[in-house]
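# Examining the three-dimensional arrangement
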2 protein chains.
Amino acid sequence: MTVVALCDGSIVQDPAHAVAVDDRGLNYGDGLFETALLRDGMVRFADAHLQRLEQGCNRLGIRFSRSDVERDIARIASEAREGVLKVVVTRGVGGRGYRGDPSAPTRRIVTLHPLPSSYPVEGLTVRWCELRLSRNPLLAGMKHLNRLEQVLAQNEWQDPDVAEGLMLDTEGELVCGTSSNVFIVRNGALLTPDLKFSGVRGVMRAQVLRAAQQLGWTSSEEPLWPHDLDDVSEVFVTNAVRGIRSVAALEDHRWESTAVAGQLRQVLLS
Amino acid sequence: MTVVALCDGSIVQDPAHAVAVDDRGLNYGDGLFETALLRDGMVRFADAHLQRLEQGCNRLGIRFSRSDVERDIARIASEAREGVLKVVVTRGVGGRGYRGDPSAPTRRIVTLHPLPSSYPVEGLTVRWCELRLSRNPLLAGMKHLNRLEQVLAQNEWQDPDVAEGLMLDTEGELVCGTSSNVFIVRNGALLTPDLKFSGVRGVMRAQVLRAAQQLGWTSSEEPLWPHDLDDVSEVFVTNAVRGIRSVAALEDHRWESTAVAGQLRQVLLS
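On a predicted model such as this, the values are computed, not experimentally measured, just so you know.

To continue, consider the sheet that holds strand S5 (residues 83–90) of chain A. All names here are of chain A. Spatially, the six strands line up as an open sheet ordered S2-S1-S6-S5-S3-S4, and their pairing is antiparallel. Of all the strands in the sheet, just strand S2 (10–11) and strand S4 (42–43) have a single pairing partner and so form its edges. As paired elements, strand S1 (residues 4–7) and S2 share two bridges and run antiparallel to each other. From the neighbouring strand, leucine 6 faces S2, where its bridge partner is isoleucine 11. The strands touched by helix H2 (residues 46–60) are strand S3 (31–39), S4 and S5; relative to S3, the strand with the most contacts, the crossing angle is about 175 degrees. Against the sheet, helix H3 (residues 66–79) makes contact with S1, S2, S3, S4, S5 and strand S6 (107–113), and its axis sits at roughly 25 degrees relative to S6, the strand it touches most.

What follows covers unusual backbone geometry. For phenylalanine 45 of chain A, which is not glycine, the phi torsion reads 55 degrees and is therefore positive. For phenylalanine 45 of chain A, the position within the fold is in the loop between S4 and H2. The phi dihedral of aspartate 40 of chain B is positive, around 50 degrees, even though this residue is not glycine. Structurally, aspartate 40 of chain B can be placed in the loop between strand S3 (31–39) and strand S4 (42–43). Exposure remark for aspartate 40 of chain B: the relative accessible area of 60% places this residue in the exposed category.

Residue and element names in this part refer to chain A. Along the chain, the position of valine 121 falls in the loop between S6 and strand S7 (124–128). The partly exposed category is assigned to valine 121, whose relative accessible area is 31%. As for valine 121 and isoleucine 244, which are separated by 123 residues in sequence, their C-alpha atoms are 6.8 Å apart. When neighbours within four sequence positions are excluded, valine 121 is seen to be in contact with Ile244, Arg245, Ser246 and Arg265.

Think of it this way: side chains of opposite charge can pair up when their charged atoms draw near. All names here are of chain B. In this structure the tally under the stated criterion is 36 salt bridges over all chains. A salt bridge links aspartate 68 to arginine 71; the nearest nitrogen and oxygen atoms lie 3.4 Å apart. With aspartate 68 and arginine 71 both in helix H3 (residues 66–79), this residue pair falls three residues apart, about one helical turn. Accessibility expressed as a relative area gives 22% for aspartate 68, which makes it partly exposed. You can call arginine 71 exposed: its relative accessible area is 52%.

Taken together, the 59 residues of chain A in the interface contact 58 residues of chain B. A buried area of about 4700 Å², summed over both sides, lies between chain A and chain B, and 58% of it is on carbon and sulfur atoms. For the side of chain A that touches chain B, the leading source of residues is helix H4 (residues 148–154) of chain A, giving six residues. Taken together, the residues of the side of chain A that touches chain B sort by class into 24 nonpolar, 21 polar and 14 charged.

Once chain A has been moved 0.0 Å along the axis and rotated by 180 degrees, it coincides with chain B to within an RMSD of 0.0 Å. Read as a symmetry element, the transformation amounts to a two-fold axis. Minimal C-alpha distance to the rotation axis in chain A is attained by leucine 26 of chain A, lying at 1.9 Å.

A word on the packing of helix H5 (residues 203–214) of chain B against helix H6 (residues 259–269) of chain B. Residues and elements named next belong to chain B. Two elements in contact, H5 and H6, have axes whose closest approach is 10 Å; the angle formed by their N-to-C orientations is 105 degrees. Classed by the angle they form, the pair H5 and H6 counts as roughly perpendicular. Contacts from Met204, Gln207, Val208 and Ala211 of H5 reach H6 at Leu264, Val267, Leu268 and Leu269. Looking at side-chain class alone, the contact of H5 with H6 contains seven nonpolar, one polar and no charged residues.

Residue and element names in this part refer to chain A. Among the structural elements, tryptophan 225 can be located in the loop between strand S12 (219–222) and strand S13 (234–239). Sequence-wise, tryptophan 225 and arginine 147 are 78 residues apart; in three dimensions their C-alpha atoms are separated by 23 Å. For tryptophan 225, the contacting residues outside a window of four places in its chain are Glu171, Gly172, Glu173 and Leu174.

Residues and elements named next belong to chain A. Assigned domains of chain A: these are domain 1 (4–113) and domain 2 (124–269). For domain 1 versus domain 2, the separation of C-alpha centres amounts to 26 Å. Domain 1 puts 24 residues into the contact, and the matching count from domain 2 is 22 residues. Taking both sides of the interface into account, the surface hidden between domain 1 and domain 2 amounts to around 1700 Å²; carbon and sulfur atoms contribute 65%. Summed over the shared surface of domain 1 and domain 2, the number is zero salt bridges. Put simply, domain 1 and domain 2 have 10 residue pairs in polar contact (both at pLDDT 80 or more) between them. When residues of the side of domain 1 that touches domain 2 are traced back to their parent elements, those giving at least two are helix H1 (24–28), S3, H2 and S5.

The rules we used
- Residues numbered from 1 in each chain as written.
- Chains lettered and ligands numbered in written order.
- Predicted model: local features only at pLDDT ≥ 70, side-chain atom pairs only at ≥ 80, totals over all residues.
- Heavy atoms only, no water.
- Pairing = 2+ DSSP bridges.
- Helix = DSSP H or I, 4+ residues; strand = E, 2+ residues; numbered from the N terminus.
- Contact = heavy atoms within 4.5 Å.
- Axes fitted to C-alpha atoms, helices over the stretch in contact; angles between N-to-C directions.
- Buried < 20%, exposed > 50% of the residue type's maximum accessible area, 1.4 Å probe, protein only.
- Salt bridge = Lys/Arg side-chain N within 4 Å of Asp/Glu carboxyl O.
- Buried area = accessible area lost by both parts, 1.4 Å probe.
- Nonpolar A, V, L, I, M, F, W, Y, C, P; charged D, E, K, R; others polar.
- Least-squares fit on C-alpha atoms with pLDDT ≥ 70 in both.
- Parallel < 35°, antiparallel > 145°, perpendicular 65-115°, else oblique.
- Domains from an automatic or database assignment.
- Polar contact = N/O pair within 3.5 Å; in protein donor to acceptor, adjacent residues only side chain to side chain.

This is the structure in structure tokens:
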């Protein structure tokens, strides 16, 4: 699955034996990650990925060197021109239990994986996940390594015709898909959950909001609930690797319009 | 820090390069752990640790072989007679994103660490943590690898005279210490949070509840709130490695009694 792997800037000869047993990413999920698209040797939205990673490190108190990660990415891109790039940073090794060792250097693990096989960008069937996301404003928005909720949610279904599961939080607010953000179009306005209590502030989500602004569209980040899907003309999900995908069906809901998503795909992804 | 390390039953020659880059424990916190005391070549409360690990694996859908872990522990105990034993199990490697590969074998990482340096079991000063624990009944009670909340909570203070931080959840319920469970004694009854929404069901916590029952004491697991500390005669925190430790001070609170904790230490730990 792994095409190339770097640990702390060095090519890993044996990806099956690479990470320390006391790495804090492994032991506590004490770190962050990014998943980006590498195409023609370039990372799509590289700056946005690096900015989010840096912001997450600042929030968690993990030291971050942007130039180190940029060098890793350049090294990967010199080995392979395309794939799914994953950057994991952890608070390094050791420390006394949960409390980290402030002198431990940040650990970087950068891997390249094959591109996903072809998939539709329109006509998606999605479902509701039963698992509810927990709320914690201190962790909300970050792409941290504590992802057990997403793992359990994706394991709720195996049907390959269901492209994504939409998730509510423990209070019933609509948050996201298991590995995507969600947008709705209502009366011509573009709406997406504000992610104050949970969820990941996706790189593609930010690009969509920026594009909407540039196009002069009305858009808003706000609390949304399942009933907000009742009177919408269009629904789509976004993800840095898979882009912008239009949803056609969610249980009894059917949506035919793909106009807004189509225009955003043209602006952002062509 | 690591005295002995086993991965999948084999002694690790180089603990700094042992775990796969695509291990799901590292990438998603997709696994569980146990921390136990090894003394005279025996794991204290071994059965309770193994039972909890098995229950956690069942809840997360991770395959578990008790005999494999027992063999690992015997192997460790043949190398060193005492220390802090840590068992990590993960959903193995790979899979498509969050969704695991159901054919991937469970990964076991068993390590032995030095015993903690000597510490008081009475007269502890504790503090309140600012970070609130998120609530998720589907994850509550398990010792899973998503521990970012505990990491951030322990990093709130560095004063070595503060032995533990007590944690509330996002609704304000008292849950636990950062790496311990908490008990209070009120009108002769032993009370501890019920952990329905967050927290770890500690092995030592279960031993205390069992001992209380055997001693004919009144005990209860129930929702507790900070104001429940206002009229209690005794407070103690429990942890499988450090045992049962009496709290003397928490901000304006002072507790002198250590009678209940002392009796439990005698019954369970001597």
